[in-house]
2 protein chains.
Amino acid sequence: MTGHRLAVLGAGAVGGSVVELAADYGHEVVAFADSSSAAVDPDGIDEAGALDRKERADAVGDGDPADALAADYDVLVEATPTTLGDAEPGYSHVEAALSRDRDVVLANKGPVAERFADVRALERDSAGDLLFEATVGGAIPVLATLADYGPRNVSAARGILNGTANFILSRMTAEGLGYEHVLAEAQDLGVAEADPAFDVQGTDAALKCVILANVLSEARADDPAEAREFQLTDATVEGIEDIPGSALELASESGRTVRLVGEATPEGVRVGPRLVPPGSSLAVSGTRNLVQFEHEHCGQLNLSGRGAGGPETAAAVLADVGRLS
Amino acid sequence: MTGHRLAVLGAGAVGGSVVELAADYGHEVVAFADSSSAAVDPDGIDEAGALDRKERADAVGDGDPADALAADYDVLVEATPTTLGDAEPGYSHVEAALSRDRDVVLANKGPVAERFADVRALERDSAGDLLFEATVGGAIPVLATLADYGPRNVSAARGILNGTANFILSRMTAEGLGYEHVLAEAQDLGVAEADPAFDVQGTDAALKCVILANVLSEARADDPAEAREFQLTDATVEGIEDIPGSALELASESGRTVRLVGEATPEGVRVGPRLVPPGSSLAVSGTRNLVQFEHEHCGQLNLSGRGAGGPETAAAVLADVGRLS
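## A short note on the overall build of chain A
Turning to step 1, where the next piece is worked out: Helix and strand counts for chain A come out as 13 helices and twelve strands.
Turning to step 2, where the next piece is worked out: Compactness check: chain A gives a C-alpha radius of gyration of 20 Å against a globular reference of 20 Å for 325 residues, within 12% of the reference.
Turning to step 3, where the next piece is worked out: With the principal axes as the frame, chain A shows a C-alpha extent of 60 × 50 × 35 Å.
Turning to step 4, where the next piece is worked out: Of all 325 residues assigned to chain A, the portion counted as buried reaches 58%.
Turning to step 5, where the next piece is worked out: Residue pairs at least 24 apart in sequence account for 70% of intrachain contacts in chain A once pairs closer than 6 positions are excluded.

Given below as structure tokens:
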């Protein structure tokens, strides 16, 4: 494996962990930016210094964010927050890097969930490659496995793709508590955000399934440029807010449990609460995520692990960086 | 991905499936041999014809096996039976391909379990690469995940690595039947061989763990050529033949179950029956395999699927072929 020179955009938990761990994986960070500042050094930035300054003064360096995008890097790591609709500013960052024939690794789901056809068109016109393992299932090697085993051979990908929703359902089932009670508890523990809508309404899981559906769809197209594209608006999504505790009790009585299951096929995306038998691979507990492929030659493959977290997601980003030649 | 020209040695379930599926994955078979015959064609052999002849007449073509090894291929797929000790003839096949600067993909565990240092030395002197995903866990992407996520960051790999043993233990537990009874049933179903020693004594699981230990050990060495090498004789192995039904009952009474668990660390290999809680990822049922990594940044990653079978193992071989540049 060759060491790469990284520009990291985004200084949240994931971007920060990428900067912290890059050297462990044999790479060098030459640029690092948050939304209002940047640290750039062609000989490698002072990672610890930049992270320390971010914590103390909410800036990673003295430079302008545009300096990081203009720096001389091999791989752009895009770890700014996921946005819906036009997926900006992530999309413009991807465009800037690919137009310079640089590789891009995404942690930001927006560009591949909301503008998949556009980013693939940019990639076709570029000598650079685009990878996005970290956008689906955190630490779990979902997209690498799809790529290696052939997405054309996978008829469906389904899974537990939101740790917050799964934590809430697990607790409601195990303790017989109501949704509002467990949500408040999850917020206290930092497992749920103050505004939990993105997680509990199924949006986050749906975005991940949309990405999977795009990969499955393009693999089946004779001409990838003509592949059917999916966006969030194409997904059928139901969240967990309206599940009464009594429904979980009823499920338990029949020996089953309820999970927020997302499913992607080459034809579309569905996310919603489903009854699953207790022995099922889908009956994971707590914040863990799981992805299950139905593969023509392998049967069912199950991959599970932590679906979120800074170092976990950064490890998936750095696995992608390592796959680039 | 580039299509490759394959020479496939071994015409059992795995070699046959590689030949059958190669075109699906974008590759071409230019040579195919069993122990006494070969089909060679620089323009691509007639796959269906060779497989049909193998079934009818126990020969894949009119050529000599040596012709396949001498053919003009890009990647040698070594799928002859695993042998212990000197790992022949697999080892000589690997040597012949690497000495011609060709890539090698192994389904045969022998060379990497019994002569890891030797094959790595051959690889260092070659422009060819050696991959061996199919040697551990059948369809499960074990070694690709290790490579992508950095074997240096994995402190232990453990798992359920023999489907026959796991089937027998699952049935003994579920039905309260004795070992001999369930073994006979497994033999009737084709899940156990007429001579089951290799599976039930833990040898097969141990070989897979030895391969994992070699990968973990070499990743930690300053100089890979100086890495500590493991062979089957270094493993501490206990099988399932002597487990009384009463022990399984006792485990059930305390809410647990017994599984044949293999564990590899950079320091060594242990395989033996272990008590596992029912909610544990290790409590897989039937012939399924599972591998669990302890990763410094990702926590626990679990990968499970079919650990054996022609098409399943061939898919892992072809995933390796696809990873070659």
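Read on, since the account is not over.
## Points about the relation of the copies chain B and chain A
Turning to step 1, where the next piece is worked out: Between chain B and chain A, the superposition needs a rotation of 180° and an axial shift of 0.0 Å, giving an RMSD of 0.0 Å. Those values place the two copies in the arrangement expected of a two-fold rotation axis. Taking the C-alpha atom as reference, chain B places L303 of chain B closest to the rotation axis, 2.3 Å from it.
Turning to step 2, where the next piece is worked out: In this assembly, 100% of the residues forming the interface of chain B have copies in chain A that are likewise at the interface, indicating an isologous arrangement.

## Overview of the interface of chain B and chain A
Turning to step 1, where the next piece is worked out: The interface is formed by 29 residues belonging to chain B together with 29 residues belonging to chain A.
Turning to step 2, where the next piece is worked out: Residues that form the side of chain B that touches chain A fall into these classes: 14 nonpolar, eleven polar and four charged.
Turning to step 3, where the next piece is worked out: Note: strand 12 (residues 299-306) of chain A against strand 12 (residues 299-306) of chain B, three bridges, orientation antiparallel. Bridge pairing in strand 12 of chain B places L303 of chain A opposite L303 of chain B.

## Observations regarding the pairing of strand 11 (residues 288-295) of chain B
Residue and element names in this part refer to chain B.
Turning to step 1, where the next piece is worked out: Among the eight residues in strand 11, seven count as buried, and that is most of the element.
Turning to step 2, where the next piece is worked out: One ladder, built from six bridges, connects strand 7 (residues 154-160) with strand 11; its direction is antiparallel. Opposite A156, over in strand 11, you have E294 as the bridge partner.
Turning to step 3, where the next piece is worked out: Across eight bridges, strand 11 lies against strand 12 in antiparallel orientation. Among the inter-strand pairings, F293 is bridged to a residue of strand 12, identified as L301.
Turning to step 4, where the next piece is worked out: The hairpin turn running from strand 11 into strand 12, its antiparallel successor, is three residues long.

## Focus on the packing of helix 1 (residues 13-21) of chain A against helix 2 (residues 47-57) of chain A
Residue and element names in this part refer to chain A.
Turning to step 1, where the next piece is worked out: Taken N-terminus to C-terminus, the directions of helix 1 and helix 2 make an angle of 155°; their axes are 9 Å apart at the nearest point. The orientation of helix 1 with respect to helix 2, classified from their angle, is roughly antiparallel. Crossing hand, helix 1 versus helix 2: left-handed. Residue-level contacts link G16, V19 and E20 of helix 1 to E47, A50, L51 and K54 of helix 2.

## Regarding helix 6 (residues 116-124) of chain B
Residue and element names in this part refer to chain B.
Turning to step 1, where the next piece is worked out: Of the residues making up helix 6, those classed as buried are F116, V119 and L122. The arc that holds the buried residues of helix 6, viewed along the axis, is 130°, so those residues lie on one side.
Turning to step 2, where the next piece is worked out: In the core, the buried residues of helix 6 are packed alongside helix 4 (90-99), helix 5 (110-114), strand 6 (130-131) and helix 11 (203-220).

## What to know about the sheet that holds strand 4 (residues 75-78) of chain A
Turning to step 1, where the next piece is worked out: On the basis of which strands lie adjacent, the open sheet formed by six strands has the order 3-2-1-4-5-6 (chain A) and mixed pairing. Lying at the two open borders of the sheet, with one neighbouring strand each, are strand 3 (38-40) and strand 6 (130-131) of chain A.

## Structural notes on the domain arrangement of chain A
Residue and element names in this part refer to chain A.
Turning to step 1, where the next piece is worked out: We note that the domain assignment places domain 1 (5-139 + 312-323) and domain 2 (144-307) within chain A.
Turning to step 2, where the next piece is worked out: The gap between the C-alpha centroids of domain 1 and domain 2 is 26 Å.
Turning to step 3, where the next piece is worked out: Across the boundary between the two partners, domain 1 contributes 19 residues, which contact 17 residues of domain 2.
Turning to step 4, where the next piece is worked out: Taken together, the residues of the side of domain 1 that touches domain 2 sort by class into nine nonpolar, four polar and six charged.

## Observations concerning the environment of S37 of chain A
Turning to step 1, where the next piece is worked out: Relative to the assigned elements, S37 of chain A resides in the loop between strand 2 (28-33) and strand 3.
Turning to step 2, where the next piece is worked out: Along the chain, S37 of chain A and I168 of chain A lie 131 residues apart, while their C-alpha atoms are 37 Å from each other.

## Quick word on the pairing of strand 2 of chain A
All names here are of chain A.
Turning to step 1, where the next piece is worked out: Summarising burial for strand 2: five of the six residues are buried, a large majority.
Turning to step 2, where the next piece is worked out: As judged from the five bridges shared by strand 1 (residues 5-9) and strand 2, these two strands associate in the parallel manner. Of the residues in strand 2, the one forming a bridge with R5 is E28.
Turning to step 3, where the next piece is worked out: Taking the sense of rotation as the criterion, the β-α-β connection linking strand 1, helix 1 and strand 2 turns out right-handed.
Turning to step 4, where the next piece is worked out: Note: strand 2 against strand 3, three bridges, orientation antiparallel. Its bridge partner being in strand 3, F32 is matched across the sheet by A39.
Turning to step 5, where the next piece is worked out: Between strand 2 and strand 3, which follow one another and run antiparallel, lie four residues.

## What about the sheet that holds strand 1 (residues 5-9) of chain B?
Residues and elements named next belong to chain B.
Turning to step 1, where the next piece is worked out: Spatially, the six strands line up as an open sheet ordered 3-2-1-4-5-6, and their pairing is mixed. Of all the strands in the sheet, the pair left with one neighbour each is strand 3 (38-40) and strand 6.
Turning to step 2, where the next piece is worked out: Of the strands in this sheet, strand 1, strand 2 (28-33) and strand 4 (75-78) touch helix 1 (residues 13-21), which is tilted by about 160° from strand 1.

## Some remarks on the nonpolar core
Turning to step 1, where the next piece is worked out: One finds F32 of chain A together with F32 of chain B to be the most contacted residues of the largest nonpolar core, which totals 218 residues.
Turning to step 2, where the next piece is worked out: Every residue in contact with F32 of chain A, bar those within four places of it in the chain, is listed here: V8, A11, V19, A38, A39, I45, A50, V60 and A68 of chain A.

## A word on the environment of A219 of chain A
Residues and elements named next belong to chain A.
Turning to step 1, where the next piece is worked out: Considering the arrangement of structural elements, one finds A219 in helix 11 (residues 203-220).
Turning to step 2, where the next piece is worked out: In this structure, the C-alpha to C-alpha distance between A219 and P151, residues 68 residues apart in sequence, is 5.9 Å.
Turning to step 3, where the next piece is worked out: Aside from chain neighbours lying at most four places away, what touches A219 is P151 and R152.

## Examining the confidence of the model for chain A
Turning to step 1, where the next piece is worked out: Averaged over all residues, the pLDDT of chain A equals 96, while 100% of them reach at least 70.
Turning to step 2, where the next piece is worked out: We note a pTM of 0.96 for the whole complex and an ipTM of 0.94 for its interfaces.

## Structural notes on helix 9 (residues 179-189) of chain B
Residue and element names in this part refer to chain B.
Turning to step 1, where the next piece is worked out: Residues of helix 9 that are buried include every one of V182, L183 and A186, and no others. The buried residues of helix 9 all sit within an arc of 105° when viewed along its axis, so they share a single face. Of the exposed residues in helix 9, those oriented more than 90 degrees away from the buried face are E180, A184 and D188.
Turning to step 2, where the next piece is worked out: Considering only its buried residues, helix 9 is in contact with helix 8 (163-175).

## Details of unusual backbone geometry
Turning to step 1, where the next piece is worked out: Across the junction of E88 of chain A and P89 of chain A, the peptide omega takes the value 5°, indicating a cis bond.
Turning to step 2, where the next piece is worked out: Mapped onto the secondary structure, P89 of chain A falls in the loop between strand 4 and helix 4 (90-99).

Thresholds, definitions, all that
Residues numbered from 1 in each chain as written. Chains lettered and ligands numbered in written order. Predicted model: local features only at pLDDT ≥ 70, side-chain atom pairs only at ≥ 80, totals over all residues. Helix = DSSP H or I, 4+ residues; strand = E, 2+ residues; numbered from the N terminus. Rg over C-alpha atoms; globule rule 2.2 N^0.38 Å. Buried ≥ 20, exposed ≤ 12 C-beta atoms within 10 Å, placed from the backbone. Contact = placed C-beta atoms within 7 Å. Least-squares fit on C-alpha atoms with pLDDT ≥ 70 in both. Nonpolar A, V, L, I, M, F, W, Y, C, P; charged D, E, K, R; others polar. Pairing = 2+ DSSP bridges. Axes fitted to C-alpha atoms, helices over the stretch in contact; angles between N-to-C directions. Parallel < 35°, antiparallel > 145°, perpendicular 65-115°, else oblique. Left-handed = near helix turned anticlockwise from the far one by under 90°. Arc of directions from axis to C-beta. Domains from an automatic or database assignment. Right-handed = clockwise from strand over helix to strand, strands pointing away. Core = buried A, V, L, I, M, F, W, Y, C linked by C-beta atoms within 7 Å. pLDDT = per-residue confidence, 0-100.

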